[in-house]
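# Structure assessment
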Amino acid sequence: MDFSLTEDQRAFADTAAALLGDHCTDDALRAHDVGEAPFMEAAWREAVQAGLHGVIVPEEAGGLGLGMTDLMPVLQAQGRALALVPLWEHALATAVLARFGGAAQEALAAQAAAGEQLLMLSLADAHASRGLGVRLQRDGEGWQLQGRVGAVPLAAQAARVLLPAHIQTSHGSDERAADSTSDSLRWVVVDPSRMSQTPGRTQHHLAVADLATDGLSVQAHDVLPPEALAWAEPRAIAALAALQLGVTERQLERTVEYVSQRKQFGRPIGSFQLVAGQLADGWIALEALRSSLWQVVYRQDAGLGVQAQALALRVLACDCGHRTGHTAQHVHGGIGVDLTYPIHRHLYWSRALNAALGGSEAHLERLGNWLACNDRLGWKYDLPE
């Protein structure tokens, strides 16, 4: 079997690498870090012109109508470049509206597909305990939105954000299953300017904002069906993992370049057994992440179940970023913590991606619970009866 990318997929990846690389030199990244820009707006405009924001958006909504397999090389190239642009968030939010928003969301989806409106989404608190995050409660024919969600990316810049909200059946109490199943979770389309905003900035210098409301009226058509979150969540995990793959891959390459040149006792430190072993462990973690990512992406595009695989991918992406990032910093010695030297930026990205993925411990618990209740996991169960 040929597992290589198609010519079109390589073209997307090459376009992303060239376009984003031009905007993400070490000097350009340093200038962004000390500036006030919420994200790399010039790079984003060029990405939109190249159509990279519409790869997975359905054709009928104005996108390219391709699959996650086509988007992954683009996001990997973005991660390698450390390009701070909202590619996957905008693309996935637009695809969700186009697929699940119905006629009421057609105009907004079309504007987003044309690059005229910026859409963002957040997975924060999607599986939080009852009483946390944002909650939806019936209010006549519509809904009332209450609560707070933290660190929504580019909330102040987006025309709409998709927030995961728990369905509340009565005042003061959530449904019993709200913290364990997706049936009681809905994505709600919200104008962030109608919510209280507390601005902030992530450690990799992306503008975020905490959004809060004590009672925001929401139209019924702005509450998406539960299938929307179930469809999009594993794709968001794959997108974040692809970024982590690109970030870590380039981090290891730069580290190998450094240890091949840095000398102690008259020898390159890369020739020391401990250093070589540490970087080899990092490369093994990277390849495990790559294999898991492509399995999840294949299953998504093939219409197969990905719940357990996506949870495993989430854990691998977090662990790979954490372990490899700190190893790279360690073998750089004192220069690794010098902010005028570029290697620290990869660690900051890995930490931000880990936060977006939700860490590994909670998802290991979810995976363990899934495995305890399901014994049909493996390729043979995907075969037709």
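Values in this document were obtained by computation on a predicted structure and should not be read as measured data.

## Looking at the packing of aromatic side chains
As enumerated under the stated definition, the model contains two aromatic pairs in all. Ring geometry for Y258 versus Y341: centroids 6.4 Å apart, planes at 65 degrees, classification edge-to-face. Linking Y258 in helix α7 (residues 226-261) with Y341 in the loop between α9 (307-332) and α10 (343-357), this pair joins segments that are 83 residues apart in sequence. For Y258, a relative accessible area of 14% puts it in the buried group.

## A short note on the pattern of salt bridges
On inspection of all chains with the given rule, the structure shows twelve salt bridges. Residue R160 is joined to D191 by a salt bridge in which the shortest nitrogen-to-oxygen separation is 4.0 Å. You can see R160 sitting in strand β4 (residues 160-170) and its partner D191 sitting in the loop between β6 (185-190) and β7 (196-201), a full 31 residues away along the chain. On the accessibility criterion, R160 (30% relative accessible area) is partly exposed. Since its relative accessible area comes to 22%, D191 is described here as partly exposed. For R314, the salt bridge identified is with E233, shortest N-O distance 3.3 Å. Taken as a pair, R314 in helix α9 and E233 in helix α7 lie far apart in primary sequence, 81 residues in all. On the basis of relative accessibility, which here comes to 4%, the residue R314 falls in the buried class. The structure contains a network of salt bridges with shared partners spanning R80, E249, R250, E253, E257, E287 and R290.

Procedures and definitions
- Residues numbered from 1 in each chain as written.
- Predicted model: local features only at pLDDT ≥ 70, side-chain atom pairs only at ≥ 80, totals over all residues.
- Heavy atoms only, no water.
- Phe/Tyr/Trp six-rings, centres within 6.5 Å; stacked < 30°, edge-to-face > 60°.
- Helix = DSSP H or I, 4+ residues; strand = E, 2+ residues; numbered from the N terminus.
- Buried < 20%, exposed > 50% of the residue type's maximum accessible area, 1.4 Å probe, protein only.
- Salt bridge = Lys/Arg side-chain N within 4 Å of Asp/Glu carboxyl O.

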